[in-house]
Amino acid sequence: MNLHINCRRAPEEMILYGDENTTSGKIVEVYPPKSLSEKVDVYSLGNTLFVLLTGLEPRGKEHKRRRLKGASNAVAHGEIPQFPDNYSNSTDMAIEAIRCAIKLCWEPDPGIRSSAMDIAQGLFAALDNIDRISLK
């Protein structure tokens, strides 16, 4: 997984790095990286969880060229990837918990995006709930 491809970046990175037309694939640093927060890593966690859950790239259904150009534009505008039907319609509690965590990670606004700790606590709470139900 090449994390330097624009369609895998957080929305605030797209703006930060000045990728105005989001189609060039080049990343030109405009501001010092210190202006980014750990919320960029949380967005990436969502991408990683998506791959672990589905076995697919977050925007993998799209043609590669469209994915690299159009997906970069989608990320910059806060659009999130779609889950495959078998995951978006699943009522399995574990899948629902991971899907919820991914959506929290992919919140476009870094000021609202959950912290990694909040996401971990939510997943642990879901696991405890699943364990309680399965023990009955």
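Criteria and thresholds
- Residues numbered from 1 in each chain as written.
- Predicted model: local features only at pLDDT ≥ 70, side-chain atom pairs only at ≥ 80, totals over all residues.
- Heavy atoms only, no water.
- Helix = DSSP H or I, 4+ residues; strand = E, 2+ residues; numbered from the N terminus.
- Expected span 1.5 Å × (residues − 1).
- Buried < 20%, exposed > 50% of the residue type's maximum accessible area, 1.4 Å probe, protein only.
- Core = buried A, V, L, I, M, F, W, Y, C linked by side-chain atoms within 4.5 Å.
- Contact = heavy atoms within 4.5 Å.
- Disulfide = S-S within 2.5 Å.
- Phe/Tyr/Trp six-rings, centres within 6.5 Å; stacked < 30°, edge-to-face > 60°.
- Polar contact = N/O pair within 3.5 Å; in protein donor to acceptor, adjacent residues only side chain to side chain.

A. Here's a closer look at helix H2 (residues 39–54). Between the first and last C-alpha of H2 there are 23 Å, a value that for 16 residues agrees with the 22 Å anticipated at 1.5 Å per step. When we look at burial in H2, the residues that qualify are Lys39, Val40, Val42, Tyr43, Gly46, Asn47, Leu49, Phe50, Leu53 and Thr54. Just downstream of H2, Gly55 is the residue with a positive phi angle, here 80 degrees.

B. Quick peek at the nonpolar core. Counting 16 residues, the largest nonpolar core has Leu53, Phe83, Ile102 and Trp106 as its most contacted members. Broken down by element, the residue count for this core peaks at 6 residues, all from H2. Not counting chain neighbours up to four residues away, the residues in contact with Leu53 comprise Phe83, Tyr87, Ile95, Ile98 and Ile102.

C. Fine view of the state of the cysteines. One pass over the structure, following the stated rule, counts 0 disulfides. Here Cys100 stays unpaired: no disulfide links it, and the sulfur of Cys105, its closest cysteine neighbor, is 9.6 Å away.

D. Expanded view of the packing of aromatic side chains. On inspection of all chains with the given rule, the structure shows 3 aromatic pairs. Taking 5.5 Å as the distance between ring centres and 40 degrees as the angle between the ring planes, the aromatic pair formed by Phe50 and Trp106 counts as tilted. Linking Phe50 in helix H2 with Trp106 in the loop between helix H5 (93–105) and helix H6 (116–135), this pair joins segments that are 56 residues apart in sequence. With a relative accessible area of 1%, Trp106 lands in the buried category. Put simply, the rings of Phe50, Phe83 and Trp106 touch in pairs and so form one group of aromatic residues.

E. Here's a closer look at the environment of Glu107. Position of Glu107 relative to the elements: it lies in the loop between H5 and H6. For Glu107, the contacting residues outside a window of four places in its chain are Tyr43, Ile112 and Arg113. Separated by 3.1 Å, the side chain of Glu107 and the backbone nitrogen of Asp109 make a polar contact.

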